[in-house]
Amino acid sequence: GENVEQHPSTLSVQEGDSAVIKCTYSDSASNYFPWYKQELGKRPQLIIDIRSNVGEKKDQRIAVTLNKTAKHFSLHITETQPEDSAVYFCAAADAGGSYIPTFGRGTSLIVHP
Amino acid sequence: DAEITQSPRHKIIETGRQVTLACHQTWNHNNMFWYRQDLGHGLRLIHYSYGVHDTNKGEVSDGYSVSRSNTEDLPLTLESAASSQTSVYFCASSGAGAYEQYFGPGTRLTVT
């Protein structure tokens with residue numbers, strides 16, 4: 001089955017800095033890569049996703065890049081703000097139609113004012 | 001507005017007791033999922049369903065069961081709760097042919 005590794009487990013930055021979270025996956029058939037944000041005590045919520053036919057996708061201060069050859073993808077947050085503090089999960093889902101993502105273990109992002 | 005709800009939000013039970021966690025969605029989604037979230041483990045899949053009367057085991061299904069009698073509900077039952085099942089449980093749903101999952105607010109279960 002799919003295995004998703006996520007690094008780092010904790011990331012501490014100053015407000016205004018950039019933050020990068022990296023994930024690798026094992027199944028070359030995976031073609032959908034979502035990122036979820038979970039604020040303390042809240043539910044995970046999808047913030048951005050990318051499909052295998054695209055190398056990069058941006059949404060305001062958030063961007064995701066995908067390297068299918070190397071089987072890794074990354075989340076980039078620019079101009080971080082305290083409200084970006086949360087746990088971020090990456091995931092990978094295969095093209096076989098199961099629609100079940102395999103999640104990474106999460107990265108706790110702390111943005112210091 | 002369509003939503004996904006879970007109940008109860010918090011529950012404390014004794015070891016060996018049976019408990020059922022409810023999940024209800026009004027998205028009319030075919031796919032429903034149960035995850036448990038533990039520190040250091042992320043979200044691990046317990047059971048999932050692609051439609052009425054369909055259920056499947058996930059990676060951590062031992063000690064849990066589900067049933068799907070209608071589109072809206074996927075209750076999760078712990079037949080004989082163990083302390084190792086203390087966790088936060090999330091229900092999620094997605095539309096047919098869709099990857100994006102919508103999560104419920106979670107249930108914090110403590111087994112003493």
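Small disclaimer: the values here were computed from a predicted structure and weren't measured. Here, residues in each chain are numbered from 1, in the same order as that chain's written sequence. By the order in which they are written, chains take letters starting at A while ligands take numbers starting at 1. Under the rules for a predicted model, residues below a pLDDT of 70 receive no local features and side-chain atom pairs below 80 are neither given nor counted, while totals for whole chains, interfaces and linings still include all residues. Only hydrogens and water are set aside when side-chain values are computed; all heavy atoms of the structure are taken into account.

Asks: Whenever I open this one, the packing of aromatic side chains confuses me. Can you help?
Replies: Residue and element names in this part refer to chain B. In this analysis, rings of Phe, Tyr and Trp, with Trp reduced to its six-membered ring, are considered paired at centre separations within 6.5 Å, and the interplanar angle assigns stacked below 30 degrees, edge-to-face beyond 60, and tilted for intermediate values. A complete count under the given rule lists 16 aromatic pairs over all chains for this structure. Here the aromatic rings of Phe 33 and Tyr 48 are separated by 6.4 Å at their centres, their planes lie at 25°, and the arrangement is stacked. With a gap of 15 residues between them, Phe 33 in strand β4 (residues 31–38) and Tyr 48 in strand β5 (residues 42–51) connect regions that are remote in the sequence. Taken individually, Phe 33 and Tyr 48 each receive the classification buried, so the pair is uniform in this respect. Put simply, DSSP H or I for four residues or longer makes a helix, DSSP E for two residues or longer makes a strand, and each gets a number counted from the N terminus. Here's how the labels work: a residue is buried when its accessible area is under 20% of the maximum for its type, exposed when over 50%, partly exposed in between, all with a 1.4 Å probe on protein chains only.

Asks: Even after reading the chapter, I still don't get the state of the cysteines, so can you show me in this structure?
Replies: Linking two cysteines covalently via their sulfur atoms produces the bond known as a disulfide. Only a pair of cysteine sulfur atoms within 2.5 Å counts as a disulfide in this structure description. Throughout the structure, instances matching the rule amount to 2 disulfides over all chains. Paired through a disulfide, A:Cys23 and A:Cys90 show a sulfur-sulfur distance of 2.0 Å. Handedness of the A:Cys23-A:Cys90 disulfide follows from its S-S torsion of about -100°: it is left-handed. Of this pair, A:Cys23 sits in strand β3 (residues 19–25) while A:Cys90 sits in strand β9 (residues 86–94), and the two are 67 residues apart along the sequence. Classification of A:Cys90 by relative accessible area gives buried; the value is 0%. Residue pairing for B:Cys23: its cysteine sulfur links by disulfide to B:Cys91, the two sulfurs lying 1.8 Å apart. The disulfide joining B:Cys23 to B:Cys91 has a torsion of about -70° about its S-S bond and is therefore left-handed. Of this pair, B:Cys23 sits in strand β3 (residues 19–25) while B:Cys91 sits in strand β9 (residues 87–94), and the two are 68 residues apart along the sequence.

Asks: Please explain unusual backbone geometry as it appears in this structure.
Replies: For residues besides glycine, phi is generally negative; the peptide bonds are generally trans as well. Here the amide bond leading from A:His7 into A:Pro8 is cis, since omega sits at -5°, within 30 degrees of zero. Its location among the elements puts A:Pro8 in the loop between β1 (4–7) and β2 (10–14). The amide bond that connects B:Ser7 to the next residue, B:Pro8, takes the cis arrangement and shows omega of -5°. Mapping B:Pro8 onto the fold places it in the loop between β1 (4–7) and β2 (10–13). Residue A:Gln60 is not a glycine yet carries a positive backbone phi of 55°. Positionally, A:Gln60 belongs in the loop between β6 (56–59) and β7 (62–67). Of note in this structure, A:Glu79 is not a glycine but carries a positive phi near 45°. Inspection of the secondary structure assignment puts A:Glu79 in the loop between β8 (72–77) and β9.

Asks: Would you explain the pattern of salt bridges in this entry?
Replies: Pairing is possible between side chains that carry opposite charge, provided their charged atoms lie close to one another. Here, a salt bridge means any side-chain nitrogen of Lys or Arg that lies within 4 Å of a carboxyl oxygen of Asp or Glu. Under the criterion given, the structure shown has 6 salt bridges over all chains. Note that A:Glu39 is salt-bridged to A:Lys37, the shortest N-O span being 3.6 Å. Given the relative accessible area of 17%, A:Lys37 is considered buried. A salt bridge links B:Arg44 to B:Asp38; its shortest N-O distance comes to 2.9 Å.

Asks: Quick question: what am I supposed to make of the interface of chain B and chain A here?
Replies: How large an interface is tends to be reported as the accessible area lost when its parts come together. At the interface, 21 residues of chain B touch 20 residues of chain A. Computed with a 1.4 Å rolling probe, the buried area is the accessible surface lost when two parts are put together, summed over both parts. For the chain B and chain A pair, buried surface summed over both sides reaches about 1,800 Å², with 59% attributable to carbon and sulfur atoms. Broken down residue by residue, the surface that chain B buries against chain A is led by B:Leu43, B:Tyr99 and B:Phe103, which jointly contribute 39%. Summed over the shared surface of chain B and chain A, the number is 0 salt bridges. N or O atoms closer than or at 3.5 Å make up a polar contact, with two conditions inside protein: a donor-capable atom paired with an acceptor-capable one, and, for residues adjacent in sequence, both atoms drawn from side chains. Between the two partners, chain B and chain A, sit 5 residue pairs in polar contact (both at pLDDT 80 or more). Counting residues per element, the ones that place at least two in the side of chain B that touches chain A are β4 and β5 of chain B. Residue contributions to the side of chain B that touches chain A peak at 5 residues, all from β5(B). All residues other than Ala, Val, Leu, Ile, Met, Phe, Trp, Tyr, Cys, Pro, Asp, Glu, Lys and Arg, Gly among them, are scored as polar; the first ten of these are nonpolar and the last four charged. Of the residues that constitute the side of chain B that touches chain A, the class distribution is 12 nonpolar, 8 polar and 1 charged. Any two residues whose heavy atoms approach within 4.5 Å at even a single point are treated as in contact.

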